[in-house]
Amino acid sequence: MPSINYYSLDLIQDEARRLVQKGMISRQQPIYTLCQYIPAREWVCVECELEKCDFLLRDRIGDLIGREEWDND
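Residues numbered from 1 in each chain as written. Predicted model: local features only at pLDDT ≥ 70, side-chain atom pairs only at ≥ 80, totals over all residues. Heavy atoms only, no water.

As annotated in an unreviewed UniProt entry, the chain carries the name DUF4327 domain-containing protein and comes from Nostoc flagelliforme CCNUN1.

Okay, here's the thing in structure tokens:
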């Protein structure tokens, strides 16, 4: 039986931040955009974790990752 990784909210947020920083996705896009970057068999786990934390797939990625903090202000 293949093992499916557990995705915590922190891990999902870190992945979303990394994709935003690389310019692959925008903070304005809906959270479900992340499904393009997470294996399909593991997406169900991501959806469950997001739902458990009261996020909707149509919410913006910016809502998921929160404010960006800059070190050099």
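Anyway, onward from the coordinates.
Asks: Is there a simple way to explain the nonpolar core in this structure?
Replies: Most often, soluble globular proteins have nonpolar side chains that are buried together. Ranked by internal contacts, the top residues of the largest apolar core, which has 17 residues, are Ile12, Ile31, Leu34, Val46, Leu50, Ile61 and Leu64. When residues of this core are traced back to their parent elements, those giving at least two are helix 1 (9-21), helix 2 (40-52) and helix 3 (61-65). In terms of residue count, helix 1 provides more of this core than any other element does, five residues in total. Setting aside chain neighbours within four positions, we find valine 46 in contact with Tyr7, Ile12 and Ile38. (Core = buried A, V, L, I, M, F, W, Y, C linked by side-chain atoms within 4.5 Å. Buried < 20%, exposed > 50% of the residue type's maximum accessible area, 1.4 Å probe, protein only. Helix = DSSP H or I, 4+ residues; strand = E, 2+ residues; numbered from the N terminus. Contact = heavy atoms within 4.5 Å.)

Asks: So what exactly am I meant to see when it comes to helix 2 here?
Replies: With 13 residues, helix 2 ought to run about 18 Å at 1.5 Å a step, and its terminal C-alpha atoms sit 19 Å apart, in line with that. Among the residues making up helix 2, those that are buried are Glu42, Trp43, Val46, Glu49 and Leu50. Viewed along the axis of helix 2, the buried residues span an arc of 125 degrees, placing them on a single side of the element. Along helix 2, the residues that are exposed and aim more than 90 degrees away from the buried face are Arg41, Val44, Glu51 and Lys52. (Expected span 1.5 Å × (residues − 1). Arc of directions from axis to C-beta.)

Asks: Mind showing me how you'd approach the side chain of threonine 33 here?
Replies: Topologically, threonine 33 is positioned in the loop between helix 1 and helix 2. When near neighbours in sequence (up to four residues on either side) are disregarded, threonine 33 contacts Ile25 and Ile61.

Asks: Honestly, the environment of glutamine 29 in this entry has me stumped. Any pointers?
Replies: Looking at the element boundaries, glutamine 29 is found in the loop between helix 1 and helix 2. The exposure class of glutamine 29 is partly exposed, given its relative accessible area of 28%. For the pair formed by glutamine 29 and glycine 62, sequence separation is 33 residues and the distance between their alpha carbons is 8.0 Å. With residues near it in sequence (within four places) discarded, glutamine 29 still touches Asp59, Arg60 and Ile61.

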